[in-house]
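# Chain and residue survey
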Amino acid sequence: MDANEILDYCLAKKGVTESFPFDNETLVMKVDTKMFLLMGLEKQPLAINVKTDPEWSAELREQYPQITGAYHMNKTHWNSVTVDGLKRDLIFKLIDQSYDLVFKSLTKKAQNEVNSL
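- In the nomenclature of an unreviewed UniProt entry, the protein corresponds to MmcQ/YjbR family DNA-binding protein from the organism Chryseobacterium gleum ATCC 35910.

What follows is the structure in structure tokens.
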């Protein structure tokens, strides 16, 4: 799986935008105004940061050495995922959960605006 596949998958979701708020190589995906995925485009191997349910985070970190607490982020809620060696379905499931958790944290008004797109 490469960065373009991840980007296309994210952009297919409602209300998603991409930006580079930190530097020229860290792509940030947002739903409305909130981040749900970060991806270092120059970093090899490819890695993403995603928000994850804390209980599932603990399981994932025990099961997969490619999944660790995300650097510079709340490690209870955010994981850094090295994409190499992980199944595509798991990566998509992690992205889906991150998007859903962030979407649910939006105000009802913002959720309705996203849903109307």
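### Focus on the environment of L37
- In this structure, L37 sits in strand 3 (residues 34-40).
- Ignoring anything within four residues of it in the chain, the contact list for L37 reads I6, C10, L27, V28, M29, I48, N49, V50, W78 and I95.

### So, the pairing of strand 2 (residues 26-31)
- Among the six residues that make up strand 2, five are buried, leaving the element largely enclosed by the rest of the structure.
- Across six bridges, strand 2 lies against strand 3 in antiparallel orientation. The residue bridging L27 from the neighbouring strand is M39, located in strand 3.
- Connecting strand 2 to the antiparallel partner strand 3 that follows it, the hairpin turn spans two residues, and D32 within it adopts a positive phi of roughly 60°.

### Quick notes on the environment of Y99
- Inspection of the secondary structure assignment puts Y99 in helix 3 (residues 88-105).
- Residue Y99 is classed as buried on the basis of its relative accessible area of 9%.
- Between the C-alpha atom of Y99 and that of N49, which follows or precedes it by 50 residues, the distance is 12 Å.
- Among residues more than four places away in sequence, those in contact with Y99 are K13, K14, V16, V31, F36 and V114.

### Quick look at the sheet that holds strand 5 (residues 67-69)
- With antiparallel pairing, six strands are arranged side by side in an open sheet as 1-2-3-4-6-5. Lying at the two open borders of the sheet, with one neighbouring strand each, are strand 1 (16-19) and strand 5. Across the sheet, the mean angle from the axis of one strand to that of its neighbour is 25°, orientation sign disregarded.
- Sheet analysis places strand 1 next to strand 2, joined by four bridges and oriented antiparallel. Bridging from a neighbouring strand, E18 pairs with M29 of strand 2.
- Against the sheet, helix 1 (residues 3-11) makes contact with strand 1, strand 2, strand 3 and strand 4 (47-51), and its axis sits at roughly 170° relative to strand 3, the strand it touches most.

Parameters and conventions
- Residues numbered from 1 in each chain as written.
- Predicted model: local features only at pLDDT ≥ 70, side-chain atom pairs only at ≥ 80, totals over all residues.
- Heavy atoms only, no water.
- Helix = DSSP H or I, 4+ residues; strand = E, 2+ residues; numbered from the N terminus.
- Contact = heavy atoms within 4.5 Å.
- Buried < 20%, exposed > 50% of the residue type's maximum accessible area, 1.4 Å probe, protein only.
- Pairing = 2+ DSSP bridges.
- Axes fitted to C-alpha atoms, helices over the stretch in contact; angles between N-to-C directions.

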